[in-house]
Amino acid sequence: QVQLVESGGGLVQAGGSLRLSCTASGRTFSRYTMGWYRQAPGKEREFVAGVTSGGSTYYADSMKGRFTISRDNVKNTVYLQINSLKPDDTAVYYCAAGPRYKAGYDYWGQGTQVTVSS
């Protein structure tokens, strides 16, 4: 069982940056592929980025360039750096943990709200 807790969301002006964090419980964090998703009001949840246990990263095509995912296995934490924020980035951002690349995600955090003002 893995518990995930996101933090770092908030209200930011367009053009600004945020770094979201997701800290996992347990001693097997390094074995998981970690991902970030987001869900905007009235829209479906969409994939943002993922990082494998080996550190390989992958992104949704629409997220390449402004989003950077990274992980720190010592701190049991995965990060999502978002630069040049736009109002369209307003969403609840969720982190997730899964067994391996493209195998889906079994564990989810409660989400952190990001609101970008114009």
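Overview of the structure. (Residues numbered from 1 in each chain as written. Predicted model: local features only at pLDDT ≥ 70, side-chain atom pairs only at ≥ 80, totals over all residues. Heavy atoms only, no water.)

Evaluated as defined, the whole model comprises 4 salt bridges. Note that D89 is salt-bridged to R38, the shortest N-O span being 2.9 Å. Of this pair, D89 sits in the loop between β8 (77–82) and β9 (91–98) while R38 sits in strand β4 (residues 33–39), placing them 51 residues apart in sequence. With a shortest N-O distance of 2.8 Å, D89 and R66 are connected by a salt bridge. (Salt bridge = Lys/Arg side-chain N within 4 Å of Asp/Glu carboxyl O. Helix = DSSP H or I, 4+ residues; strand = E, 2+ residues; numbered from the N terminus.)

Here 4 strands make up an open sheet; going across it, the order is β1-β3-β8-β7 and the pairing antiparallel. Of all the strands in the sheet, just β1 (4–7) and β7 (67–72) have a single pairing partner and so form its edges. Strand-to-strand, the axes of this sheet are offset by a mean angle of 15 degrees, without reference to chain direction. Strand direction decides the pairing type here: β1 and strand β3 (residues 18–24), joined by 4 bridges, are antiparallel. Its bridge partner being in β3, S7 is matched across the sheet by S21. (Pairing = 2+ DSSP bridges. Axes fitted to C-alpha atoms, helices over the stretch in contact; angles between N-to-C directions.)

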